[in-house]
Amino acid sequence: MKTPARQRALSLVELLVVIAIIGILASLVVTGIGITNTKVKIASARLQMAELQVALKGYEARYGNLPFSPSVLAAGVPDFTYGAGPVRNGGAYEVDNRELIAVLTDITQFRNGTPTVNVNHSLNPARRTFLHAPIADAIGRPGIGPDGVYRDPWGQPYIITLDLDFDGRCLDAMYRRENVSQQSNSTGFKALSRPNGQVGDHFGLQAQIMIWSFGPDRSADPNLRADQDDPNTMMGNQDNVLGWVE
C-alpha cells in the first residue's frame with residue numbers, strides 16, 4: 001500500500017526534529033565534558049601546588065632554609081618570584097621555576113643537556129628527592145619538561161614566590177601590586193594584605209611560599225585587577241588558580 005503524501009511529510013518533519021534534538025543533546029554533552037575536564041585540571045593543579053609546598057617545606061626542614069641560587073641572592077630582591085611571561089621581579093635576574101625543580105628533584109643536568117644550578121649537588125648535598133612530579137615528554141606539556149620547568153595541566157609554568165628576607169610575609173611579583181590586589185586600603189585580594197601605614201605595591205601573604213597557576217586561559221595580566229579579564233580577549237586573571245586559597 002502507498003503511504004499518503006501527508007504522512008510522508010509528517011515523518012520527514014519528525015525526522016528533522018529528532019536530528020535537531022540529537023544535535024542539541026550532543027552539544028550539551030560536549031559542553032558538559034569540557035566543564036568537567038576543566039574542573040579535573042583545576043583539582044590536579046591544586047594538588048600539584050600542595051605537593052610543591054610540601055617539597056619546599058621538606059627542603060627547609062632538612063637544610064634550615066628555602067632553596068635558592070647565588071644568582072637569586074645577587075638580584076637583591078627581598079622576596080623572589082620564579083615566574084614566566086608577564087610575571088617579573090623588576091630586577092636584573094629573572095628565571096622560571098626550573099631552578100627550584102632542579103634542587104627539589106636533585107638533578108645536576110636537565111634532560112635537554114643543560115646544567116642546573118645544583119652543580120655537584122651543591123644545593124642538595126644530601127641528594128634527597130623532595131618532589132615527585134609527572135614527567136613531560138616535551139616542552140609545553142604538563143609536568144616537568146626536558147628543560148626542567150614544571151608546568152601546570154594547561155602547559156604553563158607554575159609561578160612560585162619565596163619569602164627570602166624571612167619576615168613572614170611573601171610578596172609575589174604580580175599579586176604584590178596595588179593595581180592588581182588592592183580591595184580597600186590595606187585589605188588585598190584573597191587573604192593578601194598590606195601593613196598599616198604602607199602605600200604602594202606591598203600586598204603580601206602571611207606565609208613563606210606562594211604558588212599559583214595561569215589557569216584554563218593560560219594567561220595573567222599585571223595591568224588588570226586580580227578578579228578581572230580583558231573584555232576584548234576574555235583573558236586575564238579571573239581564572240588564575242591560587243595555591244593559598246581553595
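Residues numbered from 1 in each chain as written. Predicted model: local features only at pLDDT ≥ 70, side-chain atom pairs only at ≥ 80, totals over all residues. Heavy atoms only, no water.

Caption draft 1: Expanded view of the side chain of His121. Within the secondary structure layout, His121 lies in the loop between α3 (98–104) and β2 (143–144). There is a polar contact of 2.8 Å between the side chain of His121 and the side chain of Asp106. Every residue in contact with His121, bar those within four places of it in the chain, is listed here: Asp106, Thr108 and Arg127. (Helix = DSSP H or I, 4+ residues; strand = E, 2+ residues; numbered from the N terminus. Polar contact = N/O pair within 3.5 Å; in protein donor to acceptor, adjacent residues only side chain to side chain. Contact = heavy atoms within 4.5 Å.)

Caption draft 2: View of unusual backbone geometry. Phi at Asn120 takes a positive value of approximately 55°, unusual for a residue other than glycine. Here Asn120 is to be found in the loop between α3 and β2. Since its relative accessible area comes to 69%, Asn120 is described here as exposed. Not every positive phi belongs to a glycine, and His121 is a case in point at roughly 60°. You can call His121 buried: its relative accessible area is 17%. (Buried < 20%, exposed > 50% of the residue type's maximum accessible area, 1.4 Å probe, protein only.)

Caption draft 3: Focus on the packing of aromatic side chains. Counted according to the given criterion, the structure contains 10 aromatic pairs. Ring centres of Tyr175 and Phe189 lie 6.4 Å apart, and the angle between their planes is 10°; this geometry places the pair in the stacked category. Of this pair, Tyr175 sits in the loop between β4 (159–163) and α4 (178–181) while Phe189 sits in the loop between β6 (187–188) and β7 (209–213); the two residues are 14 residues apart in sequence, bridging distant segments of the chain. For Phe189, a relative accessible area of 13% corresponds to the buried category. Measuring from ring centre to ring centre gives 5.6 Å for Tyr175 and Trp244, while their planes differ by 85°; the resulting arrangement is edge-to-face. Here Tyr175 is found in the loop between β4 and α4, whereas its partner Trp244 is found in the segment after β8 (241–242), with 69 residues between them in sequence. (Phe/Tyr/Trp six-rings, centres within 6.5 Å; stacked < 30°, edge-to-face > 60°.)

Caption draft 4: Expanded view of the nonpolar core. Judged by nonpolar contacts, the single largest core of 30 residues is most densely connected at Leu52 and Leu162. Among the elements of the structure, α1 (5–63), β1 (79–82), α3, β4 and β7 are those that each provide at least two residues to this core. It is α1 that contributes the most residues to this core, 6 residues altogether. Not counting residues up to four positions away in its chain, the partners in contact with Leu162 are Leu56, Leu66, Pro67, Asp79, Phe80, Tyr82, Leu100, Cys170, Gln208 and Ile209. By size, the runner-up hydrophobic cluster in this structure holds 18 residues, among which are Ile159, Val180, Phe189 and Ala220. (Core = buried A, V, L, I, M, F, W, Y, C linked by side-chain atoms within 4.5 Å.)

Structural measurements only, silent on function.
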